[in-house]
Amino acid sequence: MKFIQQQPLQQLNTFGIATTAANYVKVTSLSDVQTIVTDRYWLSEGIKVIGGGSNILLTQPLDGLLVHNQLKGINVVAEDEQFVYLKAAAGEQWHDVVMYAVANNWGGIENLSLIPGCVGASPMQNIGAYGIEIKDVFHALEAIAIGSGEMITFSQQDCQFAYRESVFKRALKGQYVIVSVTYQLRKQPIFNTSYGAIEQELARAGITNLTVKAISDAVIRIRTSKLPNPSAIGNAGSFFKNPTISASSFAQLQATYPEIVGYHLPQGDVKLAAGWLIEKAGFKGWRSGDVGCHSKQALVLVNYGNASGSDVWALATNIIDKVQAMFGVSLEPEVNIW
Ligand SMILES: Cc1cc2nc3c(=O)[nH]c(=O)nc-3n(C[C@H](O)[C@H](O)[C@H](O)COP(=O)(O)OP(=O)(O)OC[C@H]3O[C@@H](n4cnc5c(N)ncnc54)[C@H](O)[C@@H]3O)c2cc1C
């Protein structure tokens, strides 16, 4: 393994924030991971893991050791009449796994096409889009404990998945390196086209015969037209989670803002569209220097070039404060702040 000091990180995070890691190493095998996470020196310095860097905001130079997960491999590990169990190593690109499933006509993750980042991070925040979340197809994951080097298998229940949440962002934060994830995919796909603009896009393209590939292609076209491409404008996708409030608080807000956007959840609460709140608070398209709020997607904060992580975080806290003051609603970052 090659340990590098003062590794530049601008190319390793989709926000394009220029900072450094005091120490950096790429890991390509399970034994690399085990060697590092049981090393007393690195344990005392602190270990952080990175995949595609598409869900982090770097607000300062990183101390300790940054471990770049490059474990590779995609394999079918089991199958039965209904399902295929597809195991992917943590360093595989998530979209490559989706394309693997699409090529084989296995259903379940086509709605999650084109989400940036790696397999290892997919369960971290239970990635989701267009009505599907990882938890819907999750079978198990393997992770190596930082400290003991022990390999543990986590079931769906162990992961405690919730909206953009898992046990790895909460109780077990910073305690494991995820090394593989196994997804349960359907041989006879069940399609979910009800969310977002998928149906309109399929109709626009004249698709009447639904296939895994047709849906994946539609999602790719929608995402490409709607979301800023990080290689052109630095960003980490949605910066904030959509907040949930009680039905009575929602009714109060509706009295003042009849056009407020909210989805009634089965439990009775209401999930608000954070983008709507941010736009209403006046930030959509806002820009100061190289930091801004995207002109088409208020939920996406952007780095137009040389913004620092603290510039972006200053805008984020400004938005949080203004939304709190206007609506009494707390916005929580979806992005991991480092
Ligand atoms: C344009 C754009 C669109 C996006 N759209 C969506 C979307 O539709 N839905 C969605 O859910 N997300 C979306 N995201 C966010 C992001 O793509 C996902 O969160 C993705 O899973 C992050 O993967 P990553 O490898 O880049 O993680 P990183 O940014 O590298 O890491 C994210 C977190 O996971 C931890 N981590 C990463 N790998 C491991 C590992 N192997 N073991 C332990 N911890 C690990 C890191 O320490 C960090 O805390 C979008 C981002 C962008 C830039």
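Analysis parameters
- Residues numbered from 1 in each chain as written.
- Predicted model: local features only at pLDDT ≥ 70, side-chain atom pairs only at ≥ 80, totals over all residues.
- Helix = DSSP H or I, 4+ residues; strand = E, 2+ residues; numbered from the N terminus.
- Rg over C-alpha atoms; globule rule 2.2 N^0.38 Å.
- Buried ≥ 20, exposed ≤ 12 C-beta atoms within 10 Å, placed from the backbone.
- Contact = placed C-beta atoms within 7 Å.
- Near = placed C-beta within 6 Å.
- Domains from an automatic or database assignment.
- Nonpolar A, V, L, I, M, F, W, Y, C, P; charged D, E, K, R; others polar.
- Pairing = 2+ DSSP bridges.
- Core = buried A, V, L, I, M, F, W, Y, C linked by C-beta atoms within 7 Å.
- Arc of directions from axis to C-beta.
- Expected span 1.5 Å × (residues − 1).

## Topic: the overall build of the chain
Tallying secondary structure elements over the chain gives nine helices and 20 strands in all. Taking 338 residues into account, the globule formula puts the C-alpha radius of gyration at 20 Å, and the chain, at 20 Å, falls close to it. Expressed along its principal axes, the backbone C-alpha trace of the chain runs to roughly 60 × 50 × 35 Å. Looking at the 338 residues of the chain, the share that counts as buried comes to 41%. Restricting to contacts in the chain with at least 6 residues of sequence separation, those with at least 24 account for 62%.

## Brief notes about the site of the ligand
In the vicinity of the ligand, 33 residues are found, and the nearest of them are G51, G52, G117, G120 and G237. Looking at the shell around the ligand, the elements that each hand over two or more residues are β3 (47-50), β8 (128-129) and β12 (176-186).

## Brief notes about the domain arrangement of the chain
For an interface, size is often stated in terms of accessible area lost upon the parts coming together. By the assigned domains, the chain splits into domain 1 (4-69), domain 2 (74-226) and domain 3 (234-337). On a C-alpha basis, the centroid separation for the pair domain 1 and domain 3 is 29 Å. Residue composition of the side of domain 1 that touches domain 3, grouped by class: five nonpolar, seven polar and no charged.

## Concerning the pairing of strand β5 (residues 62-69)
Bridging between strand β2 (residues 20-27) and β5 involves six bridges; their strand directions are parallel. Paired with N23 across the bridge in β5 is L65. By the bridge criterion, four bridges tie β3 to β5 in an arrangement that is parallel. Bridge pairing in β5 places I50 opposite H68.

## Remarks on the environment of F15
Summarising the element assignment, F15 is placed in the loop between β1 (4-8) and β2. Of the residues examined, F15 has 26 C-beta atoms within 10 Å and is grouped as buried. Between the C-alpha atom of F15 and that of C293, which follows or precedes it by 278 residues, the distance is 13 Å. With residues up to four places along the chain from it excluded, the contact list for F15 reads L57, G234, N235, A236, N303 and V312.

## Examining the nonpolar core
Of all hydrophobic cores here, the largest spans 91 residues; its most connected members are V67, V177, V179 and I278. When residues in this core are grouped by element, the largest group, seven residues, is from β12. With residues near it in sequence (within four places) discarded, V179 still touches L30, V33, L71, A89, A90, E142, A143 and I144.

## A short note on the sheet that holds strand β13 (residues 234-235)
Hydrogen bonds between backbone atoms are what pair the strands of a sheet, whose relative direction is either parallel or antiparallel. Spatial ordering of the open sheet is given by β13-β19-β18-β17, a layout of four strands whose pairing is antiparallel. Here the strands that pair on one side only, and so sit at the sheet edges, are β13 and β17 (287-288).

## Quick word on the sheet that holds strand β14 (residues 244-245)
Taking strand neighbours across the sheet as the criterion, the three strands line up as β14-β16-β15 in an open arrangement whose pairing is antiparallel. Of all the strands in the sheet, just β14 and β15 (262-264) have a single pairing partner and so form its edges.

## Some details on helix α1 (residues 30-37)
Among all positions of α1, only V33, I36 and V37 are buried. End-on, the buried residues of α1 take up no more than an arc of 90 degrees, which puts them together on one face. Of the surrounding secondary structure, the elements contacted by the buried residues of α1 are β2, α2 (40-45), β3, β5, β10 (138-145) and β12.

## Things to note about the environment of H264
Topologically, H264 is positioned in strand β15. Among the residues examined, H264 registers 11 C-beta atoms within 10 Å and is labelled exposed. Counting along the chain gives 260 residues from H264 to I4, while the straight-line C-alpha distance between them is 50 Å.

## A closer look at helix α6 (residues 212-226)
Taking 1.5 Å per residue, 15 residues should reach 21 Å; α6 reaches 21 Å between its end C-alpha atoms and fits that length. Listed in full, the buried residues belonging to α6 are V212, A214, I215, S216, A218 and V219. If you follow the buried residues of α6, they end up packed against α3 (94-103) and α5 (198-204).

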